[in-house]
Amino acid sequence: MELDPLLLSRIQFAFVVSFHAIFPVFTIGLASYIALLEGLFFKTKNPAWERLAKFWTQVFAVVFGMGVVSGIVMSFQFGTNWSNFSYATANFLGPVLSYEVITAFFLEAGFLGVMLFGRNKVPKGVHLFAACMVALGTFISAFWILSANSLMQTPAGLELRGEIYHVASWAEALFTASFFYRFWHMIVASFLTGGFVVAGVSAWFLLKGREVEANKKALSMTLWLLLIIAPAQLLIGDFHGLSTLEHQPTKVAAMEGNWERGTGVPLILFAIPDQENEKNHFEIKIPKLASLILTHDSEGELPGLLDVPAEERPPVFIVFWAFRIMVGLGVLMIGFAFAGLFLRAGGRFASSSWYLKGLVAMSLSPFIAVVAGWFVTEVGRAPWLVYGLMTHAEGLTPSLTGGMALFTLIGYILVYAVIFSAGVYYLMRVFQAGIEATDDDIEVESDHAKRPLSAAHVPFEQGDKA
Amino acid sequence: MSEPVFDLTLIWVGIIGFGIIMYVLLDGFDLGQGILFPFAPDDQARDVMMNSVAPVWDANETWLVLGGAGLLAAFPLVYSVFLPALYIGVFLMLAALIFRGVAFEFRFKANKSRFLWNWAFAGGSFIAAFAQGAVVGTYIQGFETENFRYVGGALDWLTPFTVLTGVGLVAGYALLGSTWLILKSEGYIQDWAYKITPRLLLAVLVIFGIIGVWSPMIDDFLKERWFSGVSLLWVLPLITLFFAGWVYRAVKKRQEGFPFVATLGLFISTFVALIFSKWPYVVPPNYTFWDAASAHESQLFLLLGLLFVVPFILMYSAWSYWVFRGKVKAGVGYH
C-alpha cells in the first residue's frame, strides 16, 4: 500500500496537538484556582487555604513543565508538515503565534518564578499579585492560539495577493466570527478540567481519610463552581453550535449525522454513519429535536451533508461520535455537579463513598471531552485547512513523502510515550505525597523560575526521601 | 496601508541573528556538558557539570523557540523551506532536546534510575548538537527550490559535508562546555577541564579549518565572495585565530574566566564570517532575506511586542546568571 503523506500528517498533527492540549487546558483552569486560593488566604489568613495553594502549585509546576516541552514540538509542526499553509498564512499566523510565545516567556520571566519560589521571599500581596498575573497570562496565551484557530475556521480580514495572504485588518483577522464562542467555550472547558481534577483528587484524599478538613473545603468550593460552570458550558456550547451552523453548515450536518437538507430534523442519538453510501445505519432518533435545538423551531430547516459534493464532506463517523462523546460527558458533568448540591445536606458530598469514587473517575472526563471537542471542530472542518480557502492537500509540504511522515509519526509516539509516562508517574507521586508534604518547607538553592519542575520536591522513586 | 518608511527587514535580520547567536552561545555551553558527560572523571564530576548549568539551561532554550516563531513571522520562506528540507533532522533535534530536558528534571529526583537519565542527557545533547551543526552545513550547501518551495529529497541535508559541520558543532559545543566548566568548577574537576580544553580547541580548529577549505569547493558563490580579490572578509578568520590563541594562552596561564570569554569570541567571529559568506542570501542559492521577508505590517506588528518583552527577558537572564554566579561545589547536591 502506498503511504499517504497527507493522511499521515493529519494523524501526526492530531496526535501531537491532542497530547499537547491536555496540559494547557489543565493549567489554565488550575492557575485561576491557585490565584483564588491565594486570594482566600490573603483575606482570611486561614492556613488551610495556603496549604492547598502550596500543594496545587506543585502540581501546576509539573503540568506546566510538560506543556512547555510538548509545545516546542508544536511550533515546528507547521513548517515541517504544512509548509505551504505556513508560507501562505505566515503574515497572520507568524506574529500571532510569536505573540503567544512572547506572552508565555514574559509570564515565566516575570511572575511564574515569584509564584513558584517566592512565597517566603516577597510580601504576601506581591505573591498574590504574581499568582493573578500567571492566571491572566494563561488567558492571554489562550487568546492568541484560539484567535489563530478561529481564523482557520471562519477566515476574515485577509487579502490574497499572489499566493500569499496579507492582513488587511488586524481587528477583523484577530476577532473573527467564531472567536468569542470558541474562546469562552475553551476557557470554561479549562475551568471544568481544573475543577474536576481538583474535585477528583480531593475526593481521593477524603476516601483515604487524609487531611479531611482541607480537602473538604477544597471539594466544597469546587462543587459550587462546577454547579455554575457545568450548565453554563452547555449554554455556551449551544451558542457556539448556532454560530457554526451559520458559518460552517457542513460541520453541523456531520455533527448531527444529517444527510438530507430538510425541515423538522430529528435528533439522532445513535447511528453508524456510512460515508460511502451517504446514509446512517441503526439510527435511534428523537423526532424534530435537532431542528428545535439548532433553530429554536421544531419545523426549522437544517443543512445536510448532501448539500456539498462528496469530496467536500468531512469524515462523518469521527465528527458524529466525537460530538456525542463530548456532549455525553458534559451531561455527566452536570449530573455530578447537581448530585453534589443534593448531597450538601449533612455534608454527605464529602463522605458518601459512591459519590467520591465517582468524582475520582470523573477527573479524567474533561480531558476526554476537550480532545473530543477539538476533534469535532478540526475534523469537521475537513477537507478545509482554512475554511473555504485552502484544503489540507493544498497546505501540505510538497516535498513530504509517506515514508518521512511515517518515520516521524512513529518517532513522536515513542518520544511522547516515554515523557508522558514519566510525567504522569511523577504526578501520581506528587498526589501520593499529598498536602502533608508541603508542610516541611524545603528551600533549595537550585530552585529556579525557568525550571518549573524544580518547584516539586517529591522524589521520583517510591520509598525515597528527597 | 502606509508605505514602508524604513527597512524593517534589516532590523529583523539583526533580531533573528542576535537570537541565533544568543542561542548558540548559551545553549552551546550547556549542551557541551552533555557531550562531555561520558568522559567525565567520575559521577561527582557529573553532578557538578549538571549543577553548573541547571539553573539556566531552560532559559537558554527559550531563544530557540523564540527564533522558530520569529522566523515564521519575519522570514516565512526560511521557515517553510528549512523545515521541510531538514524534516528528519528537525525531528531528531526536537526528540533529543525533549529527552535531554526531561532527563535534566528527573535525574535530580531519581536515584535507582539515575543512570538511565544520564544516558538520555548525554545522548540527547550529542544528537541535538550534531543536528544543529548539520543545519549550518545545509545552509552553506544550499537548498533545491522551485517557486518558493523546497523540492529536494528527504536526506539532502545528510552529506559528508554536513556530517563534518555536525561533528564540528559537537566539538565546538564541547569546547564551550569545557571552558564554562573551568569557570564554574574547582579542584580535580577544574584540572580535568583544563586538561581537555586544548585538545578540544585543536579539534575545533582542525574541523573548522577543513570546513573553511571545503566550503568554497562546493559553493561557487562563497568562493567568489572570498577569493575574487583582496577582501576585508579575510580579517575574520584572523580574528577567529586570535581568539583561539587567546583560549590556549589563558588555559596555559590557568586563568579561570578568559578561556570561556575567548571561546565566545571564537564563535561570534565564525558566525559573522558565515553570515557574510552568504549575504544577502538566507535560502541559498535563490532567495535573499528580502525575498524571504513577510509583509511590512506583519513585521511591524510583532516588532512592537518584541521591543517591549526582549529587554525583560535579557534583564531576567542577566539576573539569573548573577544569582547563580560563583563556583559549583562538589558534593553540594541538588536535593
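Refer to the preceding data block for the structure.
Residues numbered from 1 in each chain as written. Chains lettered and ligands numbered in written order. Predicted model: local features only at pLDDT ≥ 70, side-chain atom pairs only at ≥ 80, totals over all residues. Heavy atoms only, no water.

(A) Broad picture of the overall build of chain A. Counting secondary structure elements, chain A contains 14 helices and eight strands. A compact globule built from 466 residues should have a C-alpha radius of gyration of about 23 Å, and chain A, at 23 Å, falls within 12% of that. Overall size of chain A, expressed as C-alpha extent along the three principal axes, is 65 × 50 × 45 Å. Taking all 466 residues of chain A together, 62% fall into the buried category. The contacts of chain A with a sequence gap of at least 6 include a subset with a gap of at least 24, amounting to 78%. Counting 29 positive and 36 negative side-chain charges, chain A places the centres of these two groups 11 Å from one another. (Helix = DSSP H or I, 4+ residues; strand = E, 2+ residues; numbered from the N terminus. Rg over C-alpha atoms; globule rule 2.2 N^0.38 Å. Buried < 20%, exposed > 50% of the residue type's maximum accessible area, 1.4 Å probe, protein only. Contact = heavy atoms within 4.5 Å. Lys, Arg positive; Asp, Glu negative; His and termini not counted. Charge placed at Lys NZ, Arg CZ, Asp CG, Glu CD.)

(B) The arrangement of the overall build of chain B in detail. Scanning chain B from N- to C-terminus turns up 13 helices and four strands. Compactness check: chain B gives a C-alpha radius of gyration of 20 Å against a globular reference of 20 Å for 335 residues, within 12% of the reference. Here the C-alpha coordinates of chain B stretch approximately 60 × 45 × 35 Å along the principal axes. Burial statistics for chain B: of 335 residues in total, 59% are counted as buried. Put simply, 80% of the contacts in chain B that link residues at least 6 apart link residues at least 24 apart. Considering chain B, the positive charge centre built from 20 side chains and the negative charge centre built from 21 side chains are found 15 Å apart.

(C) The arrangement of the interface of chain A and chain B in detail. Contacts between the two partners involve 70 residues from chain A and, on the opposite side, 61 residues from chain B. Of the roughly 6,200 Å² buried at the junction of chain A and chain B (both faces included), carbon and sulfur atoms supply 73%. Where chain A packs against chain B, one counts one salt bridge. Note that arginine 149 of chain B and glutamate 163 of chain A form a salt bridge whose closest N and O atoms lie 3.4 Å from each other. Taken together, the connections running from chain A to chain B amount to eleven residue pairs in polar contact (both at pLDDT 80 or more). Elements represented by at least two residues in the side of chain A that touches chain B include exactly helix 2 (47-81), helix 3 (83-117), strand 2 (164-167), helix 5 (170-174) and helix 14 (402-433) of chain A. Take the side of chain A that touches chain B: its biggest share by element is 17 residues, from helix 3 of chain A. A class-by-class count of the residues in the side of chain A that touches chain B yields 40 nonpolar, 22 polar and eight charged. (Buried area = accessible area lost by both parts, 1.4 Å probe. Salt bridge = Lys/Arg side-chain N within 4 Å of Asp/Glu carboxyl O. Polar contact = N/O pair within 3.5 Å; in protein donor to acceptor, adjacent residues only side chain to side chain. Nonpolar A, V, L, I, M, F, W, Y, C, P; charged D, E, K, R; others polar.)

(D) Expanded view of a nonpolar patch on the surface. All names here are of chain A. A surface patch of nonpolar side chains, amounting to about 480 Å² of accessible area, comprises Leu269, Phe270, Phe282, Ile284 and Ile286. Among the secondary structure elements, those contributing two or more residues to the nonpolar patch are strand 4 (267-274) and strand 5 (279-286). Considering every element that reaches the nonpolar patch, the biggest residue donor is strand 5, with three residues. Topologically, isoleucine 286 is positioned in strand 5. (Patch = residues over 30% accessible without salt bridge, like charges linked within 9 Å, V, L, I, M, F, W, Y side chains within 5 Å. Areas by Shrake-Rupley, 256 points an atom, 1.4 Å probe, with all protein chains shown as cover.)

(E) Structural view of the environment of aspartate 42 of chain B. Residue and element names in this part refer to chain B. Among the secondary structure elements, aspartate 42 is positioned in the loop between helix 1 (8-36) and helix 2 (43-53). As for aspartate 42 and arginine 114, which are separated by 72 residues in sequence, their C-alpha atoms are 14 Å apart. Within polar-contact distance, the side chain of aspartate 42 engages the side chain of tyrosine 188 at 2.9 Å.

(F) Representation of the packing of helix 1 (residues 5-44) of chain A against helix 12 (residues 365-379) of chain A. Residues and elements named next belong to chain A. In contact at an axis separation of 10 Å, helix 1 and helix 12 are set at 130° when each is read in the N-to-C sense. Taken together, the axis directions place helix 1 and helix 12 in an arrangement best described as oblique. Considering how the two elements wind past one another, helix 1 and helix 12 form a crossing that is right-handed. Across the interface between the two elements, Ala14, Ser18, Ile22, Val25 and Phe26 from helix 1 touch Phe367, Val370, Val371 and Phe375 from helix 12. Split by residue class, the contact of helix 1 with helix 12 holds eight nonpolar, one polar and no charged. (Axes fitted to C-alpha atoms, helices over the stretch in contact; angles between N-to-C directions. Parallel < 35°, antiparallel > 145°, perpendicular 65-115°, else oblique. Left-handed = near helix turned anticlockwise from the far one by under 90°.)

(G) How the structure looks around the pattern of salt bridges. All names here are of chain A. The tally for this structure, following the rule as stated, stands at 20 salt bridges over all chains. Among the ionic pairs, arginine 119 bridges to glutamate 50, the shortest N-O distance being 3.6 Å. You can see arginine 119 sitting in the loop between helix 3 and helix 4 (124-153) and its partner glutamate 50 sitting in helix 2, a full 69 residues away along the chain. Glutamate 50 carries the same exposure label as arginine 119, and that label is buried. Two residues, glutamate 159 and arginine 161, come together in a salt bridge whose shortest N-O distance is 3.0 Å.

(H) Up close: the packing of aromatic side chains. Inspection of every chain in the model, using the stated rule, returns 60 aromatic pairs over all chains. A ring pair is formed by phenylalanine 13 of chain A and phenylalanine 78 of chain A, whose centres lie 5.7 Å apart and whose planes are at 55°; its orientation type is tilted. With phenylalanine 13 of chain A in helix 1 and phenylalanine 78 of chain A in helix 2, this residue pair connects regions lying 65 residues apart in the sequence. Pairing phenylalanine 55 of chain A with tryptophan 56 of chain A gives two aromatic rings, centres 5.1 Å apart and planes at 75°, and the pair type is edge-to-face. Put simply, the rings of Phe92, Tyr99, Phe143, Trp144, Trp170, Phe175, Phe179, Phe180, Phe183 and Trp184 of chain A together with Phe301 of chain B touch in pairs and so form one group of aromatic residues. Positioned above the aromatic ring of phenylalanine 37 of chain B is the side chain of arginine 46 of chain B, whose terminal nitrogen or guanidinium carbon lies 5.9 Å from the ring centre. The side chain of arginine 325 of chain B reaches across the aromatic face of tryptophan 322 of chain B, ending 3.9 Å from its centre. (Phe/Tyr/Trp six-rings, centres within 6.5 Å; stacked < 30°, edge-to-face > 60°. Lys NZ or Arg CZ within 6 Å of the ring centre and 35° of its normal.)

(I) Broad picture of the nonpolar core. If you look at the biggest cluster of nonpolar residues, it comprises 225 residues, and the most contacted ones within it are Trp56 and Val59 of chain A together with Tyr173 of chain B. In terms of nonpolar packing, the next biggest core, distinct from the first, is built from 27 residues, Leu219, Ala230, Ala337 and Ala350 of chain A among them. (Core = buried A, V, L, I, M, F, W, Y, C linked by side-chain atoms within 4.5 Å.)

(J) Highlighting the packing of helix 1 of chain B against helix 6 (residues 114-141) of chain B. Residues and elements named next belong to chain B. Two elements in contact, helix 1 and helix 6, have axes whose closest approach is 8 Å; the angle formed by their N-to-C orientations is 140°. Here helix 1 lies oblique to helix 6, going by the angle between them. For the pair helix 1 and helix 6, the sense of crossing is left-handed. Here Tyr23, Asp30, Leu31, Gln33, Gly34 and Ile35 of helix 1 come into contact with helix 6, specifically with Phe121, Ala122, Ser125, Phe126, Ala128, Ala129 and Gln132. Here the residues of the contact of helix 1 with helix 6 sort into eight nonpolar, four polar and one charged.

(K) Just unusual backbone geometry, in detail. Residue and element names in this part refer to chain B. That bond from tryptophan 279 to proline 280 is cis: its omega, 0°, falls within 30 degrees of zero. Among the structural elements, proline 280 can be located in the loop between helix 11 (258-278) and strand 3 (281-283). Omega for the bond connecting proline 284 with proline 285 falls within 30 degrees of zero, at 5°, which places this linkage in the cis form. Relative to the elements of secondary structure, proline 285 occurs in the loop between strand 3 and strand 4 (287-288).

(L) Fine view of the pairing of strand 2 of chain A. Residue and element names in this part refer to chain A. Residues Ile164 and His166 point to one face of strand 2 and Tyr165 and Val167 to the other, with burial holding for every one of them. The pairing of strand 1 (residues 158-161) with strand 2 spans four bridges and is classified as antiparallel. Paired with leucine 160 across the bridge in strand 2 is tyrosine 165. Connecting the antiparallel pair strand 1 and strand 2 is a turn made up of two residues, with glycine 162 showing a positive phi of about 65°. (Pairing = 2+ DSSP bridges.)

(M) Structural view of the side chain of serine 18 of chain A. Positionally, serine 18 of chain A belongs in helix 1. With residues up to four places along the chain from it excluded, the contact list for serine 18 of chain A reads Phe13, Val371 and Phe375 of chain A.

(N) Quick look at helix 7 (residues 160-184) of chain B. Compared with the 36 Å implied by 1.5 Å per residue over 25 residues, the 36 Å span of helix 7 of chain B between its first and last C-alpha is a close match. Taken across its 25 residues, helix 7 of chain B has 21 buried, putting it largely inside the fold. (Expected span 1.5 Å × (residues − 1).)

(O) Up close: helix 1 of chain A. All names here are of chain A. Its 40 residues place the ends of helix 1 58 Å apart at the C-alpha level, agreeing with the 58 Å of an ideal helix rising 1.5 Å per residue. Regarding helix 1, its N-cap is aspartate 4, as a side-chain oxygen of that residue lies 3.0 Å from the backbone nitrogen of leucine 6 further along. Taken from the residues just after helix 1, lysine 45 is the one with a positive phi, measuring 60°.

(P) A look at the environment of isoleucine 210 of chain B. With respect to the element layout, isoleucine 210 of chain B can be found in helix 8 (residues 187-218). Separated by 46 residues in the primary sequence, isoleucine 210 of chain B and leucine 164 of chain B place their C-alpha atoms 8.7 Å from one another.

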